[in-house]
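Residue-level structural notes
Here are the chains, one letter per residue:
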Amino acid sequence: MNYWESTKQELKNTGIYILLCLVFIFLLCFPQTARTGAYAGLTLWANTVIPVLFPFLLASNLFAALGMASGKWYAVLLGFLCGYPMGAKAACDLVKEGSVTKKQGQWLMCCCNLPSPMFLTGFIRIPAVTWAVYLPAVLLLIPVFFFSKQTNVKSFSNIQPVNQVTHQSEKQLSNRPKRQIKGRFNNQPELRFEAPPKVMPLLEQAMEASVKIMIKIGIYMMIFSILSVWIQNFHFLSPFMRTLLPGLSEMTIGINAAKNAGFPIRQQAILCAIFCTFGGCSGLSQTKSVTDEAAFSMKFYIIVRLLHVAAAAMIIFCWRF
């Protein structure tokens, strides 16, 4: 590590230390605000996110462990039907399985990591918002499916030619359960089939991974809910800013504030579309937590999200109410 990288890391660590000190001072000075925000975030997590998200998260982890997470439609269906952050999780699984390249997985994450249609139609109940959120995403998916090169998918990954397993000793191979199949002709490679994995250990691993992700999501929701409640108490801000800033912190709180602020329907729709397409800082943190293994670029993701926000706002602006 050179001098500039070391200095940059030291400045980053110093900034984190200062931020933690400010958070501690805030908790001491505004305990009621912290309690209200934490209660709101954890209540939303326990009553809404866990019942809706956890079964799909468990199934996704189990599919990935069994090698069944393949195909771009897997990310599209899981992301569109299950909402944040399952689209990002599905794209990460595809990259780990080798079904898509890292670049394609990055693009899939940007297109598929959105609120579910059930959330938009059941909670927001403004049809223009649904169109504004999903129409740009569907258009962005066209290059992924029709103009991207096909990758070498690792299908039948449990089949290995003998001449490609040179790094393993005969003793290691003899201890592994397998059966050999010889080709009809002598020039065909001999194939080895590994025994299928046991489902119960994989299920337990999927459960542990799912619980870990859900705990991370709950903590992020609590943190940014506290921040949202704190911003809402800034009475020197205009009502619009007291609705916009909490929504950029935590999506659901911002949507609820926009619906109850008494704004005109077009203004409500624009705010809800912005919150849903951007996802809030809480959504960004959740996305980062489920895609660490794929090492996606969060800068690229944020840039695409901001362009999506602009497109959604333009659709709402042109919509006839």
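Cut-offs used in this document
- Residues numbered from 1 in each chain as written.
- Predicted model: local features only at pLDDT ≥ 70, side-chain atom pairs only at ≥ 80, totals over all residues.
- Heavy atoms only, no water.
- Helix = DSSP H or I, 4+ residues; strand = E, 2+ residues; numbered from the N terminus.
- Buried < 20%, exposed > 50% of the residue type's maximum accessible area, 1.4 Å probe, protein only.
- Contact = heavy atoms within 4.5 Å.
- Areas by Shrake-Rupley, 256 points an atom, 1.4 Å probe, with all protein chains shown as cover.
- Patch = residues over 30% accessible without salt bridge, like charges linked within 9 Å, V, L, I, M, F, W, Y side chains within 5 Å.
- Salt bridge = Lys/Arg side-chain N within 4 Å of Asp/Glu carboxyl O.
- Phe/Tyr/Trp six-rings, centres within 6.5 Å; stacked < 30°, edge-to-face > 60°.
- pLDDT = per-residue confidence, 0-100.
- Axes fitted to C-alpha atoms, helices over the stretch in contact; angles between N-to-C directions.
- Parallel < 35°, antiparallel > 145°, perpendicular 65-115°, else oblique.
- Left-handed = near helix turned anticlockwise from the far one by under 90°.
- Nonpolar A, V, L, I, M, F, W, Y, C, P; charged D, E, K, R; others polar.

Considerations on the overall build of the protein
- Counting its regular elements, the protein contains 14 helices and three strands.
- Looking at the 321 residues of the protein, the share that counts as buried comes to 40%.
- Sequence-distant contacts in the protein: of pairs separated by 6 or more residues, those separated by 24 or more amount to 75%.
- Surface summary for the protein: the accessible area is close to 18700 Å², and the carbon and sulfur share equals 67%.

A short note on a nonpolar patch on the surface
- A cluster of nonpolar side chains, namely Ile18, Leu22, Phe24, Ile25 and Leu28, defines an oily patch on the protein surface of about 530 Å² accessible area.
- Mapping phenylalanine 24 onto the fold places it in helix 1 (residues 3–29).

Overview of the packing of aromatic side chains
- According to the stated counting rule, one finds five aromatic pairs in the structure shown.
- For the ring pair tryptophan 230 and phenylalanine 234, a centre distance of 5.2 Å and an interplane angle of 65° mean the geometry is edge-to-face.
- Given the relative accessible area of 28%, tryptophan 230 is considered partly exposed.
- Among the residues examined, phenylalanine 234 registers a relative accessible area of 23% and is labelled partly exposed.
- When the centroid spacing of 5.4 Å and the interplanar angle of 25° are considered together, the rings of phenylalanine 234 and phenylalanine 236 count as stacked.
- By way of ring pairs, the aromatic residues Phe30, Trp230, Phe234 and Phe236 are connected into one cluster.

Considering helix 5 (residues 102–112)
- Most of helix 5 sits inside the fold, with eight of its eleven residues counted as buried.
- If you check which residues of helix 5 are buried, you get Gln104, Gly105, Gln106, Leu108, Met109, Cys110, Cys111 and Cys112.

A short note on the confidence of the model for the protein
- Mean pLDDT for the protein: 78, with 81% of residues reaching 70 or above.
- Here residues 151–174 scores under 50 on pLDDT; set against residues more than four positions off or in separate chains, the count is 31 contacts.
- Here residues 176–185 is a poorly scored stretch, pLDDT under 50, and it has 18 contacts once near neighbours within four places are set aside; other chains count.

A look at unusual backbone geometry
- Positive phi outside glycine occurs at arginine 125, with the angle close to 60°.
- Structurally, arginine 125 can be placed in the loop between helix 6 (117–124) and helix 7 (127–146).
- Although it is not a glycine, alanine 295 adopts a positive phi angle of roughly 55°.
- Mapping alanine 295 onto the fold places it in the loop between helix 13 (280–290) and helix 14 (298–318).
- Residue class for alanine 295 comes out partly exposed when judged on its relative accessible area of 47%.

A few points about the environment of isoleucine 270
- Looking at where isoleucine 270 falls in the secondary structure, it is placed in helix 12 (residues 265–278).
- In the structure, isoleucine 270 is positioned 44 residues away from methionine 314 in sequence and 8.7 Å away in space, judged by C-alpha atoms.

Some words on the pattern of salt bridges
- Scanning the entire structure with this criterion turns up four salt bridges.
- In this structure, lysine 89 and aspartate 93 form a salt bridge, with 3.0 Å as the shortest nitrogen-oxygen distance. Remark: aspartate 93 and lysine 89 occur in helix 4 (residues 86–97); sequence separation between them is four residues, near one turn of the helix.
- Of the residues examined, lysine 89 reaches a relative accessible area of 5% and is grouped as buried.
- Residue class for aspartate 93 comes out buried when judged on its relative accessible area of 0%.
- With a shortest N-O distance of 2.6 Å, glutamate 293 and lysine 96 are connected by a salt bridge.

Here's the deal with the packing of helix 5 against helix 14
- Where helix 5 contacts helix 14, the two axes come as close as 10 Å, and the packing angle between them is 40°. With respect to helix 14, the axis of helix 5 lies oblique. Handedness of the crossing formed by helix 5 with helix 14: right-handed. Residues Gln106, Trp107, Met109 and Cys110 of helix 5 lie in contact with helix 14, whose contacting residues are Phe300, Tyr301, Val304 and Arg305.
- Classifying every residue of the contact of helix 5 with helix 14 by side-chain character gives six nonpolar, one polar and one charged.

Some words on the environment of glutamine 267
- Secondary-structure assignment places glutamine 267 in helix 12.
- A relative accessible area of 28% places glutamine 267 in the partly exposed class.
- Between the alpha carbons of glutamine 267 and phenylalanine 317 there is a distance of 8.9 Å; along the sequence they are 50 residues apart.

A look at the packing of helix 9 (residues 199–232) against helix 10 (residues 239–249)
- The contact between helix 9 and helix 10 brings their axes to 8 Å, and the two run at 170°. Between helix 9 and helix 10, the angle is such that the two are roughly antiparallel. Residues Phe224, Leu227, Ser228, Ile231 and Gln232 of helix 9 lie in contact with helix 10, whose contacting residues are Arg242, Leu245, Pro246 and Ser249.
- Of the residues assigned to the contact of helix 9 with helix 10, the class counts are five nonpolar, three polar and one charged.

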